[in-house]
Amino acid sequence: MSEINSLPIIDPLPYLPSSSLLPHVISEVSEIDLAERRKETAVKIHEACRDIGFFYLRVDSYLTKSDMDQALDLGREFFDRPNGEKESISLENSDGVRGYQKLHQNVTQGKADHHEGLDFYAPSPYSPRSPSTPSSSTSNSNGNPRLRPLEGHNQWPIRPEDFQVKLEKWVEKMKILGNAVMHAMADGLGMNQDEWEELDGMVDNSFWVMRVIGYPPLPEGADGISCGEHKDYGCLTLLHADPIPNSLQVLSPFPSPHWIAAHPIDGCIVVNIGEMWEIWTGGLYPATLHRVIHKSPTYRVSIPFFYEPNFKAKVKLLDAAKRKAAEEGKEIKEKEQVEYGQFLLGKVSGNFKY
Ligand SMILES: O=C(O)CCC(=O)C(=O)O
Ligand SMILES: [Fe+2]
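The structure contained in this document is the topic of the report that follows. Everything quoted here is computed from the prediction, not taken from an experiment. (Residues numbered from 1 in each chain as written. Chains lettered and ligands numbered in written order. Predicted model: local features only at pLDDT ≥ 70, side-chain atom pairs only at ≥ 80, totals over all residues. Heavy atoms only, no water.)

So, about the overall build of the protein chain. Each helix and strand in the protein chain was counted, giving nine helices and 16 strands. Computed over its C-alpha atoms, the radius of gyration of the protein chain comes to 20 Å, within 12% of the 20 Å expected for a compact globule of 354 residues. Overall size of the protein chain, expressed as C-alpha extent along the three principal axes, is 60 × 50 × 45 Å. Out of the 354 residues in the protein chain, the part that is buried amounts to 51%. In the protein chain, 81% of the contacts between residues at least 6 apart in sequence involve partners at least 24 apart. Just so you have it, the protein chain exposes about 16,600 Å², and 51% of that area is on carbon and sulfur atoms. Computed over 37 positive and 50 negative side-chain charges, the inter-centroid distance for the protein chain is 4 Å. (Helix = DSSP H or I, 4+ residues; strand = E, 2+ residues; numbered from the N terminus. Rg over C-alpha atoms; globule rule 2.2 N^0.38 Å. Buried < 20%, exposed > 50% of the residue type's maximum accessible area, 1.4 Å probe, protein only. Contact = heavy atoms within 4.5 Å. Areas by Shrake-Rupley, 256 points an atom, 1.4 Å probe, with all protein chains shown as cover. Lys, Arg positive; Asp, Glu negative; His and termini not counted. Charge placed at Lys NZ, Arg CZ, Asp CG, Glu CD.)

Here it is as structure tokens:
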């Protein structure tokens, strides 16, 4: 294998429901070559997941340029609002994980990151508490019962106008895209229909997360890091970011680990896989380390959408991954089964400084 210094570009079009495609594309898609195009996509996705765990996904048959620009601009306009307004929807007002985090409140490996952010999650995974049961012995400063992490409601900004409507649409779009990528990955692993349906049943009520992140440039001369190196912990990360080169960096494994830049490409988003795929495949598909060092003078906005398993999904080594690894002579290592929601709870508790 030659040194990997750039990421492959993959077209998910043959896996997207035709009703979700942009009108001008629908007429171009012929049923006849769909099967052939699926094969091509599945092979490319398998190689990308196995060799680096990161790739570009073409989305220009699915999202217009104005959909893409608008999502980032809404983030930018929100971060431009006065601090008091942003802090009125801070994490502490909900369940400690949904809402706004001010600059340096995010922590990676014990070090504060140089960004602000706004986090949204799928609805609470817990059944509603009955009003007659005292829900908790503790209350927060507003006298309301203290919520367990993930138990609260999302806090949507009131300004800029349309933020919620537009970004909820983005969530719906990303869920469809995430499922299409999962299907391509299932084919790439050589799953049969029953195996794909079983995998699909573990993500069909995805406990998704959407983050809107704002990165001020790192101070002049600082050798700091905007977002410390980490693996993502779920299934798939679908990242849309401002077209600023060099900021997002990926640890390419071959021939020896070295950082490469994932420069944004027009009409594409960047996808990487998280730790759940590492468990599903026994490490055949690695969750790759990445980081952000944002030094350019402009404020950078990114919107990672995490397409995750269902809260209750039990994630363990897949037979298809065993077969694929044997076929390719790759060694894999079975990891302990996890229930996704429990795994997530263990992770979110260390993410913020309150
Ligand atoms: O902002 C970015 O480009 C990446 C953010 C990221 O890696 C994350 O939120 O997990
Ligand atoms: Fe990440």
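After presenting the structure, the write-up continues.
Looking now at the coordination of the iron ion (ligand 2). When a metal holds four donors in a tetrahedron, each ideal angle between them is 109.5 degrees; when it holds six in an octahedron, the ideal angles are 90 or 180 degrees. The coordination sphere of the iron ion (ligand 2), as far as protein atoms go, consists of His230 (NE2), Asp232 (OD) and His290 (NE2), spread over 2.1 to 2.2 Å. Binding-site remark: the iron ion (ligand 2) is held by donors from one chain whose sequence spacing is H-x1-D-x57-H. Here His230, found in strand β8 (residues 227-230), pairs with His290, found in strand β13 (residues 290-292); they are 60 residues apart in sequence, far enough to count as distant. Residue His290 is classed as buried on the basis of its relative accessible area of 6%. (Donors = N, O, S within 2.8 Å, 3.2 Å for Na, K, Ca; no water.)

Another aspect to go through is the environment of Val250. Position of Val250 among the secondary structure elements: in strand β10 (residues 248-252). Distance in space between the C-alpha atoms of Val250 and Ile260 is 5.3 Å, their sequence separation being ten residues. Once residues within four sequence positions are removed from consideration, Val250 is found in contact with Ile52, Phe54, His258, Trp259, Ile260, Ala262, Thr288, Leu289 and His290.

Quick look at the site of ligand 1 now. Inspection of the region around ligand 1 gives 13 residues, with Tyr215, His230, His290, Arg300 and Ser302 positioned closest. Between an oxygen atom of ligand 1 and a side-chain N or O atom of Tyr215, the distance comes to 2.6 Å. The contact in question runs from an oxygen atom of ligand 1 to an N or O atom on the side chain of Arg300, over 2.8 Å. With the chains in place, 95% of the 300 Å² that ligand 1 exposes on its own is no longer accessible. Where the shell around ligand 1 is concerned, the elements lending two or more residues are β7 (209-215), β13 and β14 (300-307). The element best represented in the shell around ligand 1 is β14, accounting for four residues. Split into classes, the residues belonging to the shell around ligand 1 amount to seven nonpolar, three polar and three charged. (Near = heavy atom within 4 Å. Polar contact = N/O pair within 3.5 Å; in protein donor to acceptor, adjacent residues only side chain to side chain. Nonpolar A, V, L, I, M, F, W, Y, C, P; charged D, E, K, R; others polar.)

In this section: the pattern of salt bridges. Here the structure, examined in full by the defined rule, presents 24 salt bridges. A salt bridge links Glu116 to Lys86; its shortest N-O distance comes to 2.9 Å. Linking Glu116 in strand β6 (residues 116-121) with Lys86 in helix α4 (residues 83-87), this pair joins segments that are 30 residues apart in sequence. With respect to burial, Glu116 and Lys86 carry one shared label: buried. A single salt-bridge network, built from bridges that share partners, covers Arg50, Asp51 and Glu328. (Salt bridge = Lys/Arg side-chain N within 4 Å of Asp/Glu carboxyl O.)

Turning next to the sheet that holds β10. Pairing is antiparallel across the open sheet formed by four strands, whose spatial order is β8-β13-β10-β11. The open sheet is flanked by β8 and β11 (258-261), the only strands paired with a single partner. Adjacent strand axes in the sheet meet at a mean angle of 25 degrees, parallel and antiparallel pairs treated alike. The pairing of β10 with β13 spans three bridges and is antiparallel. The residue bridging Val250 from the neighbouring strand is His290, located in β13. (Pairing = 2+ DSSP bridges. Axes fitted to C-alpha atoms, helices over the stretch in contact; angles between N-to-C directions.)

Viewed as axis vectors pointing N to C, helix α5 (residues 163-188) and helix α6 (residues 193-200) meet at an angle of 145 degrees, and their least axial separation amounts to 10 Å. When the axes of α5 and α6 are compared, the crossing they make is right-handed. Taken together, the residues of α6 that come into contact with α5 (itself represented by Asn179, Met182, His183 and Ala186) are Trp196, Leu199 and Asp200. Here the contact of α5 with α6 is built from residues that sort into four nonpolar, two polar and one charged. (Left-handed = near helix turned anticlockwise from the far one by under 90°.)

One can expect most non-glycine residues to show negative phi and most peptide bonds to be in trans. That bond from Arg159 to Pro160 is cis: its omega, 0 degrees, falls within 30 degrees of zero. As for its placement among the helices and strands, Pro160 is situated in the loop between β6 and α5. Of note, the amide linkage connecting Phe254 to Pro255 takes the cis form, showing an omega dihedral of 0 degrees. We note that Leu150 has phi near 80 degrees; this positive angle belongs to a residue other than glycine. Backbone geometry at Asp162 places phi at a positive 75 degrees, although glycine is not the residue there.

Take the pairing of strand β12 (residues 268-273) next. β12 sits mainly inside the fold: six of its six residues count as buried. On β12, burial covers both faces: Cys268, Val270 and Asn272 on one face and Ile269, Val271 and Ile273 on the other are all buried. Sheet analysis places strand β2 (residues 54-58) next to β12, joined by five bridges and oriented antiparallel. Bridging across to β12, Arg58 finds its partner in Cys268. For strand β9 (residues 236-241) and β12, the ladder comprises four bridges, and the chain directions are antiparallel. Counterpart to Leu239 in the pairing with β12 is Val270.

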